[in-house]
Amino acid sequence: MLELHDAPLAPLTTFRLGGPATRLVTATTDAEVVAAVREADADGTPLLVIGGGSNLVIGDKGFAGTALRIATSGFDLVGTTLELAAGEVWTDAVARTVEAGLAGVECLAGIPGSAGATPIQNVGAYGQEVSATITEVIAYDRRAGETVTLGNEECAFSYRHSRFKADPERYVVLRVRFALEDADGLSAPVKYAETARALGVEPGDRVPLTQARETVLKLRAGKGMVLDAEDHDTWSAGSFFTNPILTDADFAVFHARVKERLGEDAVPPAYPAGEGRTKTSAAWLIDKAGFTKGYGSGPARISGKHTLALTNRGEATTEDLLALAREVVAGVREAFGVTLVNEPVMVGVGL
């Protein structure tokens, strides 16, 4: 294991923000990951697990403890069964499944981060979520002191949530297993309306896998959601807020607020989210509350390509970012009575 002290963490995040860690350990095998976790737990040392750093907001003071960077590797494909080491680069793994002619994660192309983070957040985009293809997650259970295998149902997946996110101090993901589909080179049925329009097909149709992946990459790039060191619109954590899910009663109140603010003909986005619940669009809320693309004059601003991404223009601090996030949350709450919730994990800070 590589060990550094007073180690900068900002370069390990897509925001490029945050202070140093007291100690940074880089583990390249599952055994090294487990050993580092056990050592920290035995000493009572605070532990921060870092994969691709695409979903982290680290405070300017850094992290007083051990930061464990998981850099394990392993892409094991047998038939339609795929096992990924937690440290595998997710977007590269997606590309390899498409090259292999297997469907199930092609619309998750271009998402930054590591494979081990995908079940934690139940990563999803453009009509696909990893929960639809994950069969098992192999993780180190810090409470039990042993490696365990959790089946799909045990992972308790829901919208951008899971058992791992609900109890972040308990599990460290080591490997993830997926069941993909051999559809003779075709994608899974296209579910997302924007993707279907871009492909020129109807929802439910299948298209060649490479076409599905390339279309999603173009859509993401147009929103600044594909990493590019030269483009500050991509110095972000992708979507900073989750889409609010409201009860029927809350949605009715929200709908009335929309009409009051925007006019009787205004209709907010609404998607079924289970019995008695409706999901609306955080991006729409942000835009209609007056926070348009490029909003801000400081070193942290809303992306010029997508209102849902908060970005570091190059000289920002974490406090600059949080000040912008708080302004957006307060503005949306005042305009529509809906409180936005951050999607990235906060380390040493909060909204």
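Anything mentioned here points back to the structure above.
Caption draft 1: Geometry of the nonpolar core. Ranked by internal contacts, the top residues of the largest apolar core, which has 35 residues, are Phe240, Phe241, Phe254, Ile286, Val328, Phe336 and Leu340. Of all elements in the fold, only helix H7 (248-262), helix H8 (282-288), strand E16 (300-302) and helix H9 (318-336) reach the threshold of two or more residues within this core. Not counting the four nearest positions on each side in its chain, Ile286 is found in contact with Phe241, Phe291, Ile302, Thr307, Leu308, Val328, Val332 and Leu340.

Caption draft 2: Fine view of the environment of Ser303. You can see Ser303 is positioned in the loop between E16 and strand E17 (310-312). Given the relative accessible area of 0%, Ser303 is considered buried. Note: C-alpha distance between Ser303 and Leu227 (76 residues apart in sequence) is 13 Å.

Caption draft 3: The arrangement of the layout of surface pockets in detail. Here the second largest pocket defines a volume of roughly 400 Å³. Looking at the second largest pocket, it is lined by 23 residues, and the ones nearest its centre are Thr14, Gly52, Val89, Gly113 and Leu227. Looking at side-chain class alone, the lining of the second largest pocket contains 10 nonpolar, 10 polar and 3 charged residues.

Caption draft 4: Local environment of the pattern of salt bridges. Evaluation of the coordinates by the stated rule reveals 17 salt bridges. Among the salt bridges present, the one from Arg170 reaches Asp141, with a minimum N-O distance of 2.9 Å. With Arg170 in the loop between helix H4 (163-166) and strand E12 (171-179) and Asp141 in strand E10 (residues 134-141), the pair connects residues that are 29 residues apart, well separated along the chain. Considered together, Arg170 and Asp141 belong to a single accessibility category, that of buried residues. Across the pair Arg143 and Asp167 runs a salt bridge whose closest N-O atoms are separated by 3.0 Å. With Arg143 in the loop between E10 and strand E11 (146-151) and Asp167 in the loop between H4 and E12, the pair connects residues that are 24 residues apart, well separated along the chain. Residue Arg143 is classed as exposed on the basis of its relative accessible area of 59%.

Caption draft 5: Main features of the sheet that holds E10. The strand order E6-E7-E12-E10-E11 describes an open sheet built from 5 strands, whose pairing is antiparallel. Strands with a single pairing partner mark the edges of an open sheet, and in this sheet they are strand E6 (75-78) and E11. On average, each strand axis in the sheet is inclined to that of its neighbour by 15°, with strand direction left out of account. In the sheet, E6 pairs with strand E7 (residues 81-85) via 4 bridges, with the strands oriented antiparallel. In the sheet register, Leu77 faces E7, and the bridge partner there is Leu82.

Caption draft 6: Molecular detail of helix H2 (residues 90-99). Turning to H2, its buried residues are Trp90, Ala93, Val94, Ala95, Thr97 and Val98. Among the structural elements, E6, E7, helix H3 (118-121), E12 and helix H6 (209-222) are those in contact with the buried residues of H2.

Caption draft 7: The environment of Leu17, seen in detail. Residue placement: Leu17 occurs in the loop between strand E1 (2-8) and strand E2 (20-27). Leu17 sits in the buried class, given a relative accessible area of 5%. Taking the C-alpha atoms as reference, Leu17 lies 22 Å from Leu2; in sequence the two are 15 residues apart. With sequence-adjacent residues up to four places away left out, Leu17 is seen in contact with Ala10, Ile58, Asn312, Ala316, Thr317, Thr318 and Leu321.

Caption draft 8: Here's a closer look at the packing of aromatic side chains. Following the criterion strictly, the structure yields 10 aromatic pairs and no others. For the ring pair Trp90 and Phe178, a centre distance of 5.8 Å and an interplane angle of 40° mean the geometry is tilted. Of this pair, Trp90 sits in helix H2 while Phe178 sits in strand E12, placing them 88 residues apart in sequence. The same class applies to Trp90 as to Phe178, namely buried. Measuring from centroid to centroid gives 5.5 Å for Tyr126 and Tyr192, while their planes differ by 80°, and the two rings are edge-to-face. Here Tyr192 lies in the loop between E12 and helix H5 (193-199) and Tyr126 lies in the loop between strand E8 (124-125) and strand E9 (128-129), a separation of 66 residues in the sequence. Classification of Tyr126 as buried rests on a relative accessible area of 10%. On the accessibility criterion, Tyr192 (39% relative accessible area) is partly exposed.

The rules behind each value
- Residues numbered from 1 in each chain as written.
- Predicted model: local features only at pLDDT ≥ 70, side-chain atom pairs only at ≥ 80, totals over all residues.
- Heavy atoms only, no water.
- Core = buried A, V, L, I, M, F, W, Y, C linked by side-chain atoms within 4.5 Å.
- Buried < 20%, exposed > 50% of the residue type's maximum accessible area, 1.4 Å probe, protein only.
- Helix = DSSP H or I, 4+ residues; strand = E, 2+ residues; numbered from the N terminus.
- Contact = heavy atoms within 4.5 Å.
- 1 Å grid on protein atoms, 1.4 Å probe; cavity = no way out; pocket = protein on both sides within 12 Å on 5 of 7 lines; lining within 4 Å.
- Points joined across faces, edges and corners; volume = space filled by probe spheres on them.
- Nonpolar A, V, L, I, M, F, W, Y, C, P; charged D, E, K, R; others polar.
- Salt bridge = Lys/Arg side-chain N within 4 Å of Asp/Glu carboxyl O.
- Pairing = 2+ DSSP bridges.
- Axes fitted to C-alpha atoms, helices over the stretch in contact; angles between N-to-C directions.
- Phe/Tyr/Trp six-rings, centres within 6.5 Å; stacked < 30°, edge-to-face > 60°.

Honestly, it's all geometry; don't read function into it.
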